[in-house]
Number of protein chains: 2
Amino acid sequence: MLTLFHYPLFASSRFVRLAFGEYGEELALIEEKPWLRRKEFLALNPAGTLPVLLAEGDVPIVGASVIAEYLDETRGVLKRERRLFAEDPMHRAEIRRLADWYLTKAETEVTRHLVRERVLKPLIPSVDGGGSPDSGAIRAARSNIKQHMKYTNWLAGTRNWLAGSRLTYADLAAASMLSVLDYLGEIDWSDYPQAKEWYTRLKSRPSFRPLLGDRVRSMSPVSHYADLDF
Amino acid sequence: MLTLFHYPLFASSRFVRLAFGEYGEELALIEEKPWLRRKEFLALNPAGTLPVLLAEGDVPIVGASVIAEYLDETRGVLKRERRLFAEDPMHRAEIRRLADWYLTKAETEVTRHLVRERVLKPLIPSVDGGGSPDSGAIRAARSNIKQHMKYTNWLAGTRNWLAGSRLTYADLAAASMLSVLDYLGEIDWSDYPQAKEWYTRLKSRPSFRPLLGDRVRSMSPVSHYADLDF
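Residues numbered from 1 in each chain as written. Chains lettered and ligands numbered in written order. Predicted model: local features only at pLDDT ≥ 70, side-chain atom pairs only at ≥ 80, totals over all residues. Heavy atoms only, no water.

(A) Representation of the relation of the copies chain B and chain A in the model. With an RMSD of 0.0 Å, the fit of chain B onto chain A corresponds to turning through 180° and sliding 0.0 Å along the axis. Here the two chains are linked by the operation of a two-fold rotation axis. Of the residues that chain B buries at the interface, 100% are likewise interface residues in chain A, meaning the two copies contact each other through the same surface. (Least-squares fit on C-alpha atoms with pLDDT ≥ 70 in both. Contact = heavy atoms within 4.5 Å.)

(B) Region of the structure containing the domain arrangement of chain A. Residues and elements named next belong to chain A. Partitioning chain A into domains gives domain 1 (2–82) and domain 2 (89–212). On a C-alpha basis, the centroid separation for the pair domain 1 and domain 2 is 18 Å. Across the domain 1/domain 2 interface, buried area totals approximately 2,100 Å², and carbon plus sulfur atoms make up 66% of it. It is L9, R14 and L18 in domain 1 that bury the most area against domain 2; as a group they hold 32% of the surface buried on that side. One salt bridge in this structure joins R96 and E69, with 2.6 Å as the shortest N-O distance. The interface formed by domain 1 and domain 2 contains seven residue pairs in polar contact (both at pLDDT 80 or more). (Domains from an automatic or database assignment. Buried area = accessible area lost by both parts, 1.4 Å probe. Salt bridge = Lys/Arg side-chain N within 4 Å of Asp/Glu carboxyl O. Polar contact = N/O pair within 3.5 Å; in protein donor to acceptor, adjacent residues only side chain to side chain.)

(C) View of the side chain of A:K105. Along the chain, the position of A:K105 falls in helix α4 (residues 89–120). Residue contacts for A:K105: discarding those within four places in its chain leaves A:D100, A:Q147, A:H148 and B:A47. (Helix = DSSP H or I, 4+ residues; strand = E, 2+ residues; numbered from the N terminus.)

(D) View of helix α4 (residues 89–120) of chain B. Its 32 residues give α4(B) an end-to-end C-alpha distance of only 39 Å, which falls more than 12% under 46 Å, the value for a rise of 1.5 Å per residue. The largest bend along α4(B) reaches roughly 80° and is located at B:E107. (Expected span 1.5 Å × (residues − 1). Bend = angle between axes of the 7 residues up to and from the residue.)

(E) Summary view of the environment of B:A173. Residue and element names in this part refer to chain B. Position of A173 relative to the elements: it lies in helix α6 (residues 169–183). Residues A173 and Y102 lie 71 residues apart in sequence; the distance between their C-alpha atoms is 5.8 Å. For A173, the contacting residues outside a window of four places in its chain are F15, A99, Y102 and L103.

(F) Structural context of the interface of chain B and chain A. Facing the 21 residues of chain B at the interface are 21 residues of chain A. Interface area, chain B with chain A, both sides summed: about 1,800 Å², of which 73% is carbon and sulfur. Our enumeration of links across chain B and chain A arrives at six salt bridges. Linking chain B to chain A there are four residue pairs in polar contact (both at pLDDT 80 or more). Contributions of two or more residues to the side of chain B that touches chain A are made by β4 (60–62), α3 (64–74) and α4 of chain B. It is α4(B) that contributes the most residues to the side of chain B that touches chain A, eight residues altogether. Of the residues in the side of chain B that touches chain A, the class split is 13 nonpolar, one polar and seven charged. (Nonpolar A, V, L, I, M, F, W, Y, C, P; charged D, E, K, R; others polar.)

(G) Up close: the sheet that holds strand β3 (residues 52–54) of chain B. All names here are of chain B. Spatial ordering of the open sheet is given by β2-β1-β3-β4, a layout of four strands whose pairing is mixed. Looking at strand neighbours, the two that pair on one side only are β2 (27–31) and β4, the edges of this open sheet. Within this sheet the neighbouring strands show an average axis-to-axis angle of 25°, counted without direction. Bridging between strand β1 (residues 2–6) and β3 involves three bridges; their strand directions are antiparallel. Considered in β3, the bridge of L4 is made with L53. Helix α1 (residues 11–22) rests against β1, β2 and β3 of the sheet, and its axis sits at about 155° to β1. (Pairing = 2+ DSSP bridges. Axes fitted to C-alpha atoms, helices over the stretch in contact; angles between N-to-C directions.)

As structure tokens, this is what we get:
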């Protein structure tokens, strides 16, 4: 079994767990707190970021998109219609663009700030950067949620899955990010019916179940978080 | 001929130009000023970021790493020992990790800030976000240069090219980023002899020549910028 260094409320960690889950491959999970900058962890990834996969031979594979490509090259390519990627280079580019949209753009504009201010700061000693949440940062991040929800709603309304007719990495990236915001109660689903229908389908998949059981000490999820009929 | 929307002093744009240059494939270049948020450009890439490649059939391929994967799938795979990528999935993961290090991590910590403050702000009307440079942002970015130079020096000292025995995307990503800092006179090469030797080799390649001719209106390069014996 391969090992994943992850943090439960980081979208990029969730993305990797979902991808392995879709392929029915279990991961040994190690919860890493990257803000502690553990020496042993920095030896695996000098950038100090999550997720990190220990692949065959304990070789570290660093970063969500790098792990996704590795997973496709070593497993996905054999999965036929269950493959989370496409065969055609243009379609692959579109899946990568969308995965990057959610795992980088939305992460930078929204998720990272809300997780840091609302989840991590209460957990982290102030000497390590914890302390009171910055309400300005929370407000700025919240003001960016709408454009990502509108875009997701539009994609979900025009395609069966976000990148076309099949479930792909694009869906897992979007769902990872939205599931973190949903845990925090930041999404008003009633405004985005197509996104809600799409997310309900994803949430009901067996690969999603472990994520719905995630809890962090500093904050419980909103009541509908694990509810399949929300 | 394919078309690339780019900006001369953006590392991620340079990276794509170098990659096509290494394969001897010319690109039609369109200089895009993404801060203007042109409607026609946003229609190609709703994220409003560079670079964007118009591939076969004018289909937009968005983002440096997505373009690099597309280029590998449609051209690189046929280039044998001139391929800028590896065949082995673990080695591919290492190349992707390093490319991401320079195009994302170093970009976020260093290059983006210095380009914005020193090159773009003098060019952009204050109503669009231009104006006086923020000396605090410049100082913070400069303090991060050293770790990236030390890491590059270490990689260049232990391997023939940054990701192993062959020239790969990792080298092009690092050189793109460092060439922007070098244009701005931000690198003291005498402190990093192995990085300098590696960079000299890259700078002498035909693919690099167009970059050495780049100029932006707001700032001339330092005197040694285009000098192959610096």
